[in-house]
Amino acid sequence: MNDTAIKVTGVHKNFKLPHQKAGSIKSMFTNVFSLGNHTYETQHALRDISFEIKQGEFFGIVGRNGSGKSTLLKILAGIYQPTKGDVQVNGRVVPFIELGVGFNGELTGRENLFLNGALLGFSQKEVEARYDDIVAFAELERFMDQKLKNYSSGMQVRLAFSVATRLAESDILLIDEVLAVGDANFQRKCFNYFRDLKKQKKTVIFVSHDMNAVREYCDRAILIEQSKMITQGVSEKVASAYTRMFTEELHASDSDSSDTKWGDKAITYQKVKIAETVLSDQKHLEVQAVARANQDIEDPIFGFSVTNSAGTTILGTNTKIKRQKLGTIKKGQTVTLDWKIPNLFTDGTYYVNVAAVHADGVEVCEWWDGAKTFKVVNEESTPYVVGPRIQVKVEKEGS
Amino acid sequence: MILLKQLVKSDFKLRYQNSFLGYLWSLLKPLFLFAIMYVIFVKILSVDFGVRNSGAYLLFGLVVWSFFTELTGGSVGAIVGKGDLLRKLNFPKYVIVLATSCSALINFFLNLIVVAIFVAFTGIDLSWSALLAPLVFFELFVLSLGLGFFLSATYVKLRDIGYIWDVVMQALFYGTPIFFPITLAPLWVQKMLMISPLAQTMQDMRYLLISDKTTTIGTVYGNEWIRIVPVSITIAVAVIAGLYFRKQSRFFAEEI
């Protein structure tokens, strides 16, 4: 038996980007008369990509937006043709680039289910055999004969997800990260489903830039950057390479300007400094901020917080919580704040936000989101929100 | 196959939703056109088609014509209309054009029932040769399907084809002896017009089904074997369009 699921050999993909779209006769004529000028430029979306995926492997494709990973996924799905190179597929590829492709609000749930199944390449029999299961999983038994437009958006997503997941058994699945958007509940369902797939030893190709997910689910992965394959190997190694790529860039451009400030400027932050912008094991995050009062102000509160790349604020504190009364600060006076936080972060990018607030705790003097950015690259990494050092002791009975 | 079935089914449901008479409209459209033409050409201008049953003759011609326009006109935007799907899923693209042709086929056969009822009231003499009619219709179907493949694939790159085809259809409407007896034109014009597979199949079907007094390509040329020419045109159109579509369809997803 051949244990290769997908073999990609030397795939290139170019897109021709016309400078002006030659979509009408008129522009075609004008182009005929200006043959010398190139009317399009070639964009190399992928260059010389080769890799092999084995049956039963959970395979990750990671890369930044615009790196070419979605183009690669579409080539694997057969939606795009490679300009050069060859893709061999053993088995049926079921792509989930978007949920509920082809769903139509004017058709009933049942009709949409069969249409969607047919579009994914399943026969009437296959869909019928799984119909009850799909409907039960989506918890929509009573609604299948209603038009889809009368469904709530939650119901639509449930149906789409149910069709996608229940139908696609025994095939090669291509999953784009867009699948994992939605509310927390839905995300959990998605990730549970991934775990099931992994248990069942399904061949899954997963495109993502969420390194935690890649580390947790993928066996192996490739990293694509600027249309080229940078690394391939075990997911741990690839995920670290991806994180390192960002870290290096962070060093190159230390003054991150993607920050926002607001407030009445009664106090302004002069400078925020991080002792080490790349944290690795055992170190502390040390933040120093200097703020200056622009007017006399009584009992202001100074605070800071840390937000992870997903936008969740994971920790923070302020002088009020710490019961540190500062008294009156005179105009022109500066205050220096030092924060020291143990490194309990998991790998990734984090943002430091600082704030100064009036004594009432409501009126903002200055709030500075993303004042600084730092990176965490640990030796041990977990896919969870925080990663404090956990001591593990295992004892085998009788040895 | 199941995809074709599902696409035709949903196409059908979607087309007539929110309309009170729903499906009846696809029958009423050629009937109204027929009523207008009948009053103008047969009653007011007293055009003589040279056949006994000019009502059925005219109605049948319009039904055939509306099949042709529905299939080709519907194909133009068919691929682009499904662009959203094409960008996200990989399935055989020709199914989209086939689905359009199936919808046109279904309408055509329902329209035929109306023609049959009409004919039943006015009386007609069918002979065994009527059994050849499906063969002639098949020629028309192949021609329309070929054009459909060509139009839908071209429209992806060149939207002008939509307007161009509208104009061509106008010309074909007057260039095909649908609502006028072709014998009104000088013989050399008749010869030119009848070379068109559309005119040839329409007249042949009328000859086989409505009246054996119908002027066909054979009568115009005085030689029945001349049919080789329109049949060859049909085959050429279908083969070239089919190959063109197959070549282009690989790139639909990125070009739409």
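Below is a short write-up of the structure. Being a predicted model, the structure only gives us computed values, none of them experimental.

As for the overall build of chain B
Thinking step 1. For chain B, the helix and strand inventory stands at 13 helices and zero strands.
Thinking step 2. Across chain B, helices and strands are ordered from the amino to the carboxyl terminus as α-α-α-α-α-α-α-α-α-α-α-α-α.
Thinking step 3. Here the C-alpha atoms of chain B give a radius of gyration of 19 Å, agreeing with the 18 Å that 2.2 N^0.38 yields for 256 residues.
Thinking step 4. In terms of principal-axis extent, the alpha carbons of chain B reach across some 55 × 45 × 35 Å.
Thinking step 5. A sequence separation of at least 24 residues applies to 80% of the contacts in chain B between residues at least 6 apart.

A closer look at the interface of chain A and chain B
Thinking step 1. Each partner contributes residues to the interface: chain A has 26 residues there, and chain B has 20 residues.
Thinking step 2. The greatest single-element share of the side of chain A that touches chain B, amounting to five residues, is contributed by helix α3 (residues 109–119) of chain A.
Thinking step 3. Partitioning the side of chain A that touches chain B into residue classes produces 14 nonpolar, nine polar and three charged.

With respect to unusual backbone geometry
Thinking step 1. Within the chain, A:Gln226 stands out as a residue other than glycine whose phi angle is a positive 50°.
Thinking step 2. The residue A:Gln226 is located in the loop between β8 (220–225) and β9 (228–234) in this model.
Thinking step 3. Residue B:Ser46 is not a glycine yet carries a positive backbone phi of 45°.
Thinking step 4. Within the secondary structure layout, B:Ser46 lies in the loop between α2 (24–44) and α3 (54–76).
Thinking step 5. With 7 C-beta atoms counted inside 10 Å, the residue B:Ser46 sits in the exposed group.

Some points on the environment of A:Asn104
Thinking step 1. Locating A:Asn104 in the fold gives a position in the loop between β5 (93–96) and α3.
Thinking step 2. Linking A:Asn104 and A:Leu148, residues 44 residues apart in sequence, is a C-alpha distance of 6.9 Å.
Thinking step 3. Leave out the neighbours within four places in its chain, and A:Asn104 touches A:Asn112, A:Leu148, B:Ser10 and B:Leu14.

A closer look at the sheet that holds strand β13 (residues 284–293) of chain A
All names here are of chain A.
Thinking step 1. Ordered by their spatial adjacency, three strands build an open sheet running β11-β13-β18, and the pairing between neighbours is antiparallel. Lying at the two open borders of the sheet, with one neighbouring strand each, are β11 (267–274) and β18 (334–342). The mean inter-strand angle of the sheet, taken between neighbouring strand axes irrespective of direction, is 20°.
Thinking step 2. Bridge analysis of β13 against β18 gives nine bridges, and the strand direction is antiparallel. Its bridge partner lying in β18, His 284 is registered against Pro 342.

Focus on the packing of α2(B) against helix α6 (residues 94–122) of chain B
Residues and elements named next belong to chain B.
Thinking step 1. In contact at an axis separation of 10 Å, α2 and α6 are set at 60° when each is read in the N-to-C sense. As judged from the angle between their axes, α2 and α6 are oblique. Relative to α6, the crossing made by α2 is right-handed. Here Ser 26, Leu 27, Pro 30 and Leu 31 of α2 come into contact with α6, specifically with Asn 107, Leu 110, Asn 111 and Val 114.
Thinking step 2. Among the residues forming the contact of α2 with α6, the class breakdown is five nonpolar, three polar and no charged.

Digging into the environment of B:Phe60
Residues and elements named next belong to chain B.
Thinking step 1. By the element assignment, Phe 60 lies in helix α3.
Thinking step 2. As for Phe 60 and Ile 178, which are separated by 118 residues in sequence, their C-alpha atoms are 8.9 Å apart.
Thinking step 3. In contact with Phe 60, not counting residues within four places along its chain, are Val 115, Arg 206, Leu 209 and Ile 210.

A closer look at the packing of α3(B) against helix α10 (residues 197–209) of chain B
All names here are of chain B.
Thinking step 1. Two elements in contact, α3 and α10, have axes separated by 10 Å at closest approach and are oriented at 140°. In terms of their interaxial angle, α3 and α10 are classed as oblique. Both α3 and α10 take part in a crossing whose hand is right-handed. Side by side, α3 and α10 meet where Tyr 57, Phe 60, Gly 61, Val 64 and Phe 68 of the first sit next to Leu 198, Met 202, Met 205, Arg 206 and Leu 209 of the second.
Thinking step 2. Class assignment for the residues of the contact of α3 with α10 results in eight nonpolar, one polar and one charged.

Cut-offs used in this document
Residues numbered from 1 in each chain as written. Chains lettered and ligands numbered in written order. Predicted model: local features only at pLDDT ≥ 70, side-chain atom pairs only at ≥ 80, totals over all residues. Helix = DSSP H or I, 4+ residues; strand = E, 2+ residues; numbered from the N terminus. Rg over C-alpha atoms; globule rule 2.2 N^0.38 Å. Contact = placed C-beta atoms within 7 Å. Nonpolar A, V, L, I, M, F, W, Y, C, P; charged D, E, K, R; others polar. Buried ≥ 20, exposed ≤ 12 C-beta atoms within 10 Å, placed from the backbone. Pairing = 2+ DSSP bridges. Axes fitted to C-alpha atoms, helices over the stretch in contact; angles between N-to-C directions. Parallel < 35°, antiparallel > 145°, perpendicular 65-115°, else oblique. Left-handed = near helix turned anticlockwise from the far one by under 90°.

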